[in-house]
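# A look at the structure
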Amino acid sequence: MDSLNSLIDGFGTALTPMNLLWAAIGVLLGTAIGVLPGIGPAMAVALLLPVTYGLDPTGAFIMFAGIYYGAMFGGSTTSILLNTPGESAAVVAAIEGNPMAKSGRGAQALAAAAIGHFAGGMIGTILLVVLAPTVASLAIGIGAPDYFAIMVLAFIAVTSVLGASRIRGIASLLIGLTIGLVGLDQMTGQQRLTFGSLQLADGVDVVIVAVGLFAIGEALWVAAHLRRSTGKPIPVGRPWLGRTDLKRTWKPWLRGPVIGFPFGAIPAGGAEIPTFLSYVTEKRLSKHRDQFGKGAIEGVAGPEAAASASAAGTLVSMLTLGLPTTAVAAVMLAAFQQYGIQPGPLLFEREPELVWGLIASLFVGMVLLLALNLPLAPVWAKLLRIPRPYLYAGILFFAAVGAYAVGGESLDLVILLVIGLIGFGMRRYGLPVLPAVIGVILGPAAEQQLRRALQISDGSVTGLVNTPFSVTVYVIVGLIVAWPLIGRLIGRRRGGRNAAEKSRTVSGG
């Protein structure tokens, strides 16, 4: 009941004319940038983060939420029209959406994606309202050993589910942790990796890291592989769904959030896993299995609803525990820190107007997103005609302006270029970018919690595992680490049994 009353107060904040305007601008900007090829929600949010600096915190985060959801829809638009996913979570939309577009049903695919985002976002945000205060109240009793254990789980989980191998995920994480070490030691005041520069004493700003790794790294990567011919956009007609389409999509729209929300709320890498699980589920339950791979609309509706609900799930752990489980949440956490606000168990008590205004704005943003994107789908298709050289030149310009706006120092531009080159190298060698961003965000906090736990226990390592919660988390970490080995052992045993049965059959025959 308290949550309902707080949500009503939040709607009072979100529905003021100015906040409605910021929500609409956020949705429009997020979709317009997210719809461009190669630009996912993380890059869109990172590029537009400096735009929110002049606003009050509540208005800034309402606009930020609109950018987040708008960019997610934009990523699926490029997947469907050009077979160019803006992010990994939009890959599944391309599997069925692009064949639909090539067969002249791009409008229906876009409509299924838009309504799927709306349904998933609404259901996910309702679950956020119900669960977030409970999680926050339970999290108040969490101590330094528990927080450190949770952060270790986040590190292990995000390096295990992303990239081509765990080693590459760990390498990416180490890059992020190293960047996070730059600056003054919070406890001793000694300089670390500053190379004698006073400007690096405060560390490298997270916004510069995010923009460098995502925007600059991606722009350099595309420039290195740019071809003269650009993809031709596919004409999109009026987006609408017939009765047959609605019969095939309403169940996937409801099943997707059930799969997506839990994966968003835990440190498991965001929407990549639930979108694939949703796709597999819809393929198994569909009466039109023969159409999968050729343009089955269920394969667009379910995964897109799962992705949107997963985005709401990420806000649970980010707002209540201060743990970003996706790159977008990491950039959003950086935005909170820019305003001197630390997400965590006490955020709902210290900043109730901001938090509940933000949550209420999610409902408003989803309605605006649906109202804007259904009729504007042909417009987004025209945006795709921008030549890629001009597109990425613009990205580099806005990235440089945004990085300079953070601190007003020319050194920030040099750091931006260096980190951009690191991002380019990571793409070259197949290292996922998200673990690096998570390392920069959580690395200093994990170090602080580790040292606090050791101080409390007088330097004894047992102080890290002296609570039931931390022990439980480390058991989960152990299972994640050991699971591939267990899977191999099970596979070998099954293979040995099958070989033995075959030899018996042959000898018996």
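Residues numbered from 1 in each chain as written. Predicted model: local features only at pLDDT ≥ 70, side-chain atom pairs only at ≥ 80, totals over all residues. Heavy atoms only, no water.

### Here's the deal with the pattern of salt bridges
Per the counting criterion, the structure on display carries four salt bridges. A salt bridge links Arg248 to Glu298; its shortest N-O distance comes to 2.8 Å. Of the two residues, Arg248 sits in helix H10 (residues 243–265) while Glu298 sits in helix H12 (residues 298–321), which places them 50 residues apart along the sequence. Grouping residues by exposure puts Arg248 and Glu298 together as buried. A salt bridge links Arg451 to Glu447; the shortest N-O distance between them is 2.9 Å. Highlighted residues: Arg451 and Glu447, both in helix H18 (residues 434–456), separated by four residues, approximately one helical turn. Residue Glu447 is classed as partly exposed on the basis of its relative accessible area, which comes to 22%. (Salt bridge = Lys/Arg side-chain N within 4 Å of Asp/Glu carboxyl O. Helix = DSSP H or I, 4+ residues; strand = E, 2+ residues; numbered from the N terminus. Buried < 20%, exposed > 50% of the residue type's maximum accessible area, 1.4 Å probe, protein only.)

### Considerations on the nonpolar core
Val204, Leu213, Met318, Leu319, Phe336 and Ile359 are the most contacted members of the largest nonpolar core, which has 123 residues in total. At 13 residues, the largest contribution of residues to this core is made by helix H4 (residues 57–82). Among all residues touching Leu213, those that are not within four sequence positions of it are Glu218, Ile419, Ile422, Gly423, Met426, Arg427, Val433, Ala436 and Val437. (Core = buried A, V, L, I, M, F, W, Y, C linked by side-chain atoms within 4.5 Å. Contact = heavy atoms within 4.5 Å.)

### Digging into helix H8 (residues 166–181)
Its 16 residues place the ends of H8 22 Å apart at the C-alpha level, agreeing with the 22 Å of an ideal helix rising 1.5 Å per residue. Looking only at H8, the buried set comprises Gly169, Ser172, Leu173, Gly176, Ile179 and Gly180. Considered in projection along H8, the buried side chains sweep an arc of 120° and stay on one side of the axis. (Expected span 1.5 Å × (residues − 1). Arc of directions from axis to C-beta.)

### Comments concerning H12
Taking 1.5 Å of rise per residue, the 24 residues of H12 would be expected to cover 34 Å, and the 35 Å separating its terminal C-alpha atoms lies within 8% of that figure. Most of H12 sits inside the fold, with 24 of its 24 residues counted as buried. In the stretch just after H12, Gly322 is the one whose phi turns positive, near 75°.

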